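# Coordinate analysis (summary)
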2 protein chains.
Amino acid sequence: MSSAAAADVELPLAIFIIFVSARLMREVLERLRLPGIIGEILAGVIVGPHVLGWIRPSVFLTDLSELGVMFLLFRIGLEVRTADLMKIGRTAITVAVSGVTLSFIAAGGLALLWGRARVEAMFIAAAMVATSVVITAEVLSSRGLLSARASRVILASAVVDDILGLIVLAVVSGEARGSVNWFDLILTALLAICFTLFLAMWGHRAARLIVPGVKSRLSLAEAEFTFSIATLFGLAVLAVYAGVAAIIGAFLAGMALAESVEDRVHTMTAGVSELLVPFFLAGIGMRLDPRALADRSTLTLALALLVAALLSKLVGCGLGALRLGRADALRVGAGMAPRGEVGMIVAQLGHEMGVMSNSIFAIIIFLSVATTLAAPPMIRFAFRGVRSHPQNERV
Amino acid sequence: MSSAAAADVELPLAIFIIFVSARLMREVLERLRLPGIIGEILAGVIVGPHVLGWIRPSVFLTDLSELGVMFLLFRIGLEVRTADLMKIGRTAITVAVSGVTLSFIAAGGLALLWGRARVEAMFIAAAMVATSVVITAEVLSSRGLLSARASRVILASAVVDDILGLIVLAVVSGEARGSVNWFDLILTALLAICFTLFLAMWGHRAARLIVPGVKSRLSLAEAEFTFSIATLFGLAVLAVYAGVAAIIGAFLAGMALAESVEDRVHTMTAGVSELLVPFFLAGIGMRLDPRALADRSTLTLALALLVAALLSKLVGCGLGALRLGRADALRVGAGMAPRGEVGMIVAQLGHEMGVMSNSIFAIIIFLSVATTLAAPPMIRFAFRGVRSHPQNERV
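Residues numbered from 1 in each chain as written. Chains lettered and ligands numbered in written order. Predicted model: local features only at pLDDT ≥ 70, side-chain atom pairs only at ≥ 80, totals over all residues.

## Section: the overall build of chain A
Of regular secondary structure, chain A possesses 16 helices and zero strands. By the compact-globule yardstick of 21 Å for 395 residues, chain A fits well, its C-alpha radius of gyration being 21 Å. Overall, chain A is about 65 × 60 × 45 Å in size when its C-alpha atoms are taken along their principal axes. Residues counted as buried form 59% of the 395 residues belonging to chain A. In chain A, 80% of the contacts between residues at least 6 apart in sequence involve partners at least 24 apart. (Helix = DSSP H or I, 4+ residues; strand = E, 2+ residues; numbered from the N terminus. Rg over C-alpha atoms; globule rule 2.2 N^0.38 Å. Buried ≥ 20, exposed ≤ 12 C-beta atoms within 10 Å, placed from the backbone. Contact = placed C-beta atoms within 7 Å.)

## A short note on the relation of the copies chain B and chain A
In screw terms, the move from chain B to chain A is a rotation of 180° and a rise of 0.0 Å along the axis, fitting with an RMSD of 0.0 Å. Accordingly, the operation relating the two chain copies is best matched by a two-fold axis. (Least-squares fit on C-alpha atoms with pLDDT ≥ 70 in both.)

## Digging into the confidence of the model for chain A
All names here are of chain A. Of the residues in chain A, 97% have a pLDDT of 70 or more, and the chain-wide mean is 86. Across chain A, the secondary-structure element scoring lowest on mean pLDDT is helix α15 (residues 340-353), at 74, and the one scoring highest is helix α10 (residues 223-242), at 94. Contacts of residues 1-6 to residues separated by more than four positions or lying in other chains number six contacts, the stretch itself having pLDDT below 50. If you check the scores for this complex, the pTM reads 0.86 and the ipTM reads 0.85. (pLDDT = per-residue confidence, 0-100.)

## Considerations on the interface of chain B and chain A
One frequent convention defines the size of an interface as the accessible area lost when the parts assemble. If you look at the interface, chain B gives 55 residues, while chain A gives 55 residues. Secondary-structure elements contributing two or more residues to the side of chain B that touches chain A are α1 (2-31), α3 (59-78), α8 (149-177), α10 (223-242), α12 (263-286) and α15 (340-353) of chain B. Counting residues per element, the side of chain B that touches chain A draws most heavily on α1(B), which supplies 16 residues. Of the residues in the side of chain B that touches chain A, the class split is 35 nonpolar, nine polar and eleven charged. (Nonpolar A, V, L, I, M, F, W, Y, C, P; charged D, E, K, R; others polar.)

## A short note on helix α5 (residues 89-113) of chain A
Its 25 residues give α5(A) an end-to-end C-alpha distance of 36 Å, which sits within 8% of 36 Å, the value for a rise of 1.5 Å per residue. Two residues or fewer past α5(A), A:Gly115 is found with a positive phi of approximately 85°. (Expected span 1.5 Å × (residues − 1).)

## Focus: the environment of A:Leu42
All names here are of chain A. Among the secondary structure elements, leucine 42 is positioned in helix α2 (residues 36-47). For leucine 42, a count of 22 C-beta atoms within 10 Å gives the class buried. The spacing of leucine 42 and alanine 282 is 240 residues in sequence and 7.0 Å in space, taken between C-alpha atoms. For leucine 42, the contacting residues outside a window of four places in its chain are Met25 and Gly285.

## Some thoughts on unusual backbone geometry
Residue and element names in this part refer to chain A. The backbone of glutamate 222 sits at a positive phi, close to 55°, despite the residue not being glycine. With respect to the helices, strands and loops of the structure, glutamate 222 is situated in the loop between α9 (182-217) and α10. A residue is classified by how many C-beta atoms lie within 10 Å of it, and glutamate 222, with 23 of them, is buried.

## Concerning the packing of α8(B) against helix α14 (residues 326-335) of chain B
Residue and element names in this part refer to chain B. Packing of α8 against α14 brings their axes to within 9 Å, and their N-to-C directions diverge by 40°. Classed by the angle they form, the pair α8 and α14 counts as oblique. Two packed elements cross with a definite hand, and for α8 against α14 that hand is right-handed. Listed contacts from α14 to Arg149, Ala150, Val153 and Ile154 of α8 are Asp328, Arg331, Val332 and Gly335. Looking at the contact of α8 with α14, its residues break down into four nonpolar, one polar and three charged. (Axes fitted to C-alpha atoms, helices over the stretch in contact; angles between N-to-C directions. Parallel < 35°, antiparallel > 145°, perpendicular 65-115°, else oblique. Left-handed = near helix turned anticlockwise from the far one by under 90°.)

## Quick look at the packing of α3(B) against α12(B)
Residue and element names in this part refer to chain B. Taken N-terminus to C-terminus, the directions of α3 and α12 make an angle of 135°; their axes are 7 Å apart at the nearest point. When the axes of α3 and α12 are compared, the pair comes out oblique. Handedness of the crossing formed by α3 with α12: left-handed. Residues Leu61, Thr62, Leu64, Ser65, Leu67, Gly68, Val69, Phe71, Leu72, Phe74, Arg75 and Leu78 of α3 form the contact with α12, whose own contacting residues are His266, Thr269, Ala270, Val272, Ser273, Leu276, Val277, Phe279, Phe280 and Gly283. For the contact of α3 with α12, the per-class residue count stands at 14 nonpolar, seven polar and one charged.

## As for α2(A)
Residue and element names in this part refer to chain A. Taking 1.5 Å as the rise per residue, α2 with twelve residues should run 16 Å; its terminal C-alpha atoms sit 17 Å apart, in good agreement. Counting buried residues along α2, eleven of its twelve residues qualify, which places the element largely inside the surrounding structure. Looking at α2, one finds that the buried residues are Gly36, Ile37, Ile38, Gly39, Glu40, Ile41, Leu42, Ala43, Gly44, Val45 and Val47.

Shown next as structure tokens:
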């Protein structure tokens, strides 16, 4: 009995500890008028392996958080109208290109100046290129700011960013292996761009044709929700095959369905996302090992890179959005600052390829977490005075 | 890139295949006027390792289905009023005791008659004792029958059943090890009984005091849903420590909150449960290996045990519920027939203790799946003519 009971308690216990500590810390931070998202990440630091050691990262928890992120992006997509996003398409491309370029030069240049090898510097630069839209989207959505113009620019730029990040990473890892296959690279990039554009332009029209039939023709209960889940994961899979991240597919799926599905689907999606997102946020915190940055030269480089990472997006993306006025440019720059999980994936790859030292690996993890912690107050500051639509209300 | 992309696609692809195939098969079965739940189990057989081999059972999928079952039971609990369940408490105890006794004698006796060893026969009997309330609850809930009197008796009996199953399993595994510690056993049983009674009697009163404050005092968005999730997993953990299954804790949590939380919590819970339950149902199907029962004597014993398993609950539980009239007695007997995942857990334990041959292991897996497949049509037949409340409507 005892071993069976132990296995039985492990799962609910881990979920209880992570979920409750994340939400409690969010409550505490919000009472202190600080961004709640930081509380959830700190909860992960505290219960994680480097402080209390109550929870160790596991395949299940990682997969759960990946699932949570897909639902968060799907839910955000459900609140965005395609037409609103297409209108600011050109600005979004300028923002993404200029932010990516400046981040790459700033992070890579700094690492070279610090005397790091060329391959390592390139991987640091590649890790700092792509914005983690998840963090910004969470802050904007939980503060009811998704309908602001700057928010739409951020969302669209983050999608472009993902494609640019893919190209940069392909070039960098090709260089590290010895050669870049430019023909393959151009094909991959074209496929990713076509997939995204096609879904963004035609997804909502297809949904408008299909969704009404789903409810009337199927005998299934909750047919619209079932169809939405199938679309979410179907497009997430296709997105990966097309070369973009699964969460971009989830976001495009949400956007496609936004104007066609009933309110019940929005609420049911909110249930899944509210349950799972704390696992993503706490999961980021769990990976932060405060001791990894103990020696002084690593710490100085990390702090210099942090400033470079924040400024390069603030300035780069801000300049790209300048035509919208200075206030919106600042909002876009702040919103594009967090690097979150994207940098960690690049770090993982460089680590596996054996071209990245342990200290650089620790630095990139630190930068991912630190930009993620620094961004919410910046976003909050930049968006002060913007009218918010209370949560649970469709925009 | 390619290895990172492969890892990235695995999760959404597995979820897409399982979810979509389960829901498609449910749709097909429902169009054939057969129980949809059978379709979802069959989908697992088809995409699972023994037929198409697209999906292999994994820790993640198992954990996901365990999570799904907790949410299903929580959701069912949310639709049950404590007072309604307490009223039929005495009948429920009679039903559970008489069903458990008859199942144990029938399955154990049959195995002994077939010439199986005493320890093996005891494990087969223990595996056939406990009803899997998940299956019946899914059928009743998806057909809008949860408010019928027979349904309430089934739910309450299944809770009692779980405690009885715990005692039987403790005795049997003690015997297999050489001795039963009766003092420990009585303490364990008392703890389990007290925990369940205490929550059933006082849970909803505590919730009525706490829940109104949750929304007014916390700054968290979705505070009621957050509190509900915390209660669900908190009680699931306590349930395991008290010696009952985690899902019984989840069910009691739902019952406690049923009358206090807003409708939005019900819909958000439905979202999680609709997403995850297919993983539980398909997961049952995945474990069925049609070839394991290839030799004739194993197959005959399996079929004889299947008849014994179905009849013993039908007659045993039916007799226990006879005071409600013959129609309700039949409904209760049919509803208590599926053994589902409970039998599999016992089989696993016996297998690990080395007292159970491979063929008996395969037989128990077969019986779990077969009683689960046989029950829905029986339930449907027994409940014909009972007025159903359409889904998504609170009872």
